[in-house]
Amino acid sequence: MGYGIAPKVPLLYPALIVAAGLCTPAYGQSNKVRITQLSDVAFGFVAGPADQQISQNLCIFANTSNDTYSVVATGSGASSAFELVSASDRLPFDVQWSETSGQPGGTTLDAGVASPAFTSNATQQSCNSGPSTSATLTLVLRAAQVDQVTAGSYTGSLQIMIVPN
Amino acid sequence: MKHKPHHINRMVRAAATGLAVATALTSVGANAATQGTLGATSTGSINISASVANRARITGLSDVTFANQDPATAAVSAQNVCVWSNTSTRAYTITASGSGTGSAFTLANGAATVPYSVEWNAASGQTSGAALSTGTASGNLVSTATQQMCASGPSSSASLIVRIGAADLSTIPASTSYTGTLTLLVTPQ
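Below: a short report on this structure.

**Let's talk about the overall build of chain A**
And step 1. Across its full length, chain A carries 1 helix and 11 strands.
And step 2. When the helices and strands of chain A are read in sequence order from the N terminus, they spell out β-β-β-β-β-β-β-β-β-β-α-β.
And step 3. When the 165 residues of chain A are sorted by exposure, 39% land in the buried category.
And step 4. Taking all contacts inside chain A whose residues are at least 6 apart in sequence as the whole, residues at least 24 apart take part in 76%.

Here's what the structure looks like:
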């Protein structure tokens, strides 16, 4: 009587293959920015001989690689000009920006034109921790312009867009 | 007999005063600024307001001197001045006051006085105008000035005329000097 020999069936063991070198997880993160702490500006009565200006501290947050951003400001005047208007006249104003809070002036912005790069020191998107503000916005009414316009009440608006840089 | 001409050294200085009249305050409501959100870009906006008060200015004034005036002929001095108003109508009133008793238009030499008259014309280059009474505002006048010192646009916008009548001149002794000051107040309307 003969006997069979069971064929050998190779066993396959799960194998853990470890790639040579480091294996690091990878994920995508887009640049994000935010502007907060903006306030309306009321100059009240204005008259020469000196220019009138009002500055406010803002929170600008940028999570770009170098924490840099640009500013694009547009006014409510014709062709987005920085202008206040009354029933019969227009009063232009200047817009200045500083990447440091608490400043009385800064880089003059042109309507609709991206500024040079600024750097933010904000560590939280609303400045709720770390520096409480990170930039200064200054509006200026020039005495020479005020001296020329018709008496009355002037209003306008300013839109500020922050762009990662 | 021919009157000997006598010298009148009359220094009349017109002082200018600009008067600013405040307009109603612009009401400032609650903060309507919009804040940006976190994103690829972030946009916020603010509202801006300002009020420009009614203002006026008088410039281009010159002292008036009547020298060696012939008392047989009335003395007249006319000068162009710049009056500017920033109201929508460019209107203003003019109020003149002299240095005499009760702001009278008089020149003085000690206790002796001689009266003069003041006329105003809202156009420049004029040699006569509406008579002004001391301390009394004129009716509304309209300025053609486009710059507060007439540095651009019309170089002047009104005429100031000062007169001393012949009868009054004849009361002045020869070689005497009478002086006074005329103050002009411009009020925007």
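**Some remarks on the side chain of T36 of chain A**
And step 1. Following the sequence through the fold, T36 of chain A ends up in strand β1 (residues 33-36).
And step 2. Non-local contacts of T36 of chain A, meaning those with residues more than four positions away in its chain, are made with L58, C59, Q125 and S126 of chain A together with Q35 and G36 of chain B.

**A few points about the nonpolar core**
And step 1. Counting 35 residues, the largest nonpolar core has W97, L137, L139 and L158 of chain A as its most contacted members.
And step 2. For this core, the elements supplying multiple residues, two or more each, are β1, β2 (41-46), β3 (52-62), β4 (68-75), β7 (94-98), β10 (135-141) and β11 (152-164) of chain A together with β2 (42-52) of chain B.
And step 3. L137 of chain A has contacts with L38, I54, S55, Q56, L58, V95, Q96, W97, L158 and I160 of chain A together with I46 of chain B, leaving out every residue within four places of it along the chain.
And step 4. Counting residues in each nonpolar core, the second largest holds 28 residues, with I58, F66, Y116 and V186 of chain B among its members.

**Considerations on the interface of chain A and chain B**
And step 1. With 46 residues of chain A at the interface, the matching set in chain B holds 40 residues.
And step 2. The contact between chain A and chain B buries some 3,300 Å² in all, and 53% of this surface belongs to carbon and sulfur atoms.
And step 3. If you sort the residues of chain A by the area they bury against chain B, L38, D40 and F45 of chain A come out on top, with a joint share of 20%.
And step 4. At the boundary of chain A with chain B, the tally comes to 1 salt bridge.
And step 5. Ionic pairing is found between R55 of chain B and D147 of chain A, a salt bridge with its closest N-O pair at 2.7 Å.
And step 6. One can count 24 residue pairs in polar contact (both at pLDDT 80 or more) joining chain A with chain B.
And step 7. For the side of chain A that touches chain B, the secondary structure elements donating two or more residues are β1, β2, β3, β10 and β11 of chain A.
And step 8. Take the side of chain A that touches chain B: its biggest share by element is 13 residues, from β11 of chain A.

**Some remarks on the packing of aromatic side chains**
Residues and elements named next belong to chain A.
And step 1. In this structure the tally under the stated criterion is 4 aromatic pairs over all chains.
And step 2. Considering the side-chain rings of Y69 and F118, the 5.9 Å spacing of their centres and the 40° angle between planes classify their relative orientation as tilted. Taken together, the residues Y69 in strand β4 and F118 in strand β9 (residues 118-119) connect sequence positions 49 residues apart. Each member of the pair, Y69 together with F118, is buried.
And step 3. In this structure an aromatic cluster arises from ring pairing among Y69, W97 and F118.

**What to know about the state of the cysteines**
And step 1. As enumerated under the stated definition, the model contains 2 disulfides over all chains in all.
And step 2. Disulfide partner of C59 of chain A: C127 of chain A, at an S-S distance of 2.1 Å. Judged by the torsion about the S-S bond (85°), the C59 of chain A/C127 of chain A disulfide is right-handed. One end of the pair, C59 of chain A, is in strand β3; the other, C127 of chain A, is in the loop between β9 and β10, with 68 residues separating them in the sequence.
And step 3. For C59 of chain A, a relative accessible area of 0% puts it in the buried group.
And step 4. Bridging C82 of chain B to C150 of chain B, the disulfide has an S-S length of 2.1 Å.

**Some thoughts on unusual backbone geometry**
And step 1. Of note in the backbone geometry, S80 of chain A takes a positive phi value of approximately 65° without being a glycine.
And step 2. Here S80 of chain A lies in the loop between β4 and β5 (83-85).
And step 3. The class for S80 of chain A is partly exposed, based on a relative accessible area of 29%.
And step 4. Of note, C150 of chain B is a non-glycine position whose phi angle comes to about 55°, a positive value.
And step 5. In this structure, C150 of chain B sits in the loop between β10 (141-142) and β11 (158-164).

**Notes on the environment of T65 of chain B**
All names here are of chain B.
And step 1. Looking at the secondary structure, you find T65 in the loop between β3 (56-59) and β4 (75-85).
And step 2. On the basis of relative accessibility, which here comes to 42%, the residue T65 falls in the partly exposed class.
And step 3. Along the primary structure T65 and S77 are separated by 12 residues, whereas in three dimensions their C-alpha atoms are 8.4 Å apart.

**Observations regarding the sheet that holds strand β8 (residues 107-108) of chain A**
All names here are of chain A.
And step 1. The 5 strands are arranged β1-β3-β10-β7-β8 in an open sheet whose pairing can be described as antiparallel. In the strand order of this sheet, the two ends are held by β1 and β8, each with one partner.
And step 2. Bridge count between β7 and β10: 5 bridges; the pairing is antiparallel. Each bridged residue has a counterpart across the sheet, and for Q96 the counterpart in β10 is T138.

How each quantity is defined
- Every chain begins its residue count from 1, and numbering advances along the sequence as written.
- To read the labels, note that chains go from A and ligands from 1, taken in the order they are written.
- Reporting of local features is limited, given that this is a predicted model, to residues whose pLDDT is at least 70; pairs of side-chain atoms are given and counted only at 80 or more, and all residues count toward the totals for whole chains, interfaces and linings.
- The side-chain values count all of the structure's non-hydrogen atoms but skip hydrogen atoms and water molecules.
- Working definition: helices are DSSP H or I runs of at least four residues, strands are E runs of at least two. Numbering for both runs from the N terminus.
- Categorising residues by exposure relies on relative accessible area from a 1.4 Å probe, with only protein chains included: less than 20% of the type maximum marks a residue as buried, more than 50% marks it as exposed, and the intermediate range marks it as partly exposed.
- Any two residues having at least one pair of non-hydrogen atoms within 4.5 Å are treated as being in contact.
- Joining through side-chain atoms within 4.5 Å is the link that ties buried Ala, Val, Leu, Ile, Met, Phe, Trp, Tyr and Cys residues into a set, and such a set is a nonpolar core.
- Summed over both partners, the accessible area (1.4 Å probe) lost when two parts come together is defined as the buried area.
- In the sections that follow, a salt bridge refers to a side-chain nitrogen of Lys or Arg positioned within 4 Å of a carboxyl oxygen of Asp or Glu.
- Polar contacts here mean pairs of N or O atoms no more than 3.5 Å apart (in protein, one a potential hydrogen donor and the other a potential acceptor; neighbouring residues in sequence count only if both atoms are side-chain atoms).
- Side-chain rings of Phe, Tyr and Trp (the six-membered ring for Trp) are treated as a pair once their centres are within 6.5 Å; stacked means planes under 30 degrees apart, edge-to-face means over 60, and tilted covers the remaining angles.
- The definition used for a disulfide is geometric: two cysteine sulfur atoms within 2.5 Å.
- Strand pairing is assigned whenever DSSP identifies at least 2 bridges connecting the two strands.

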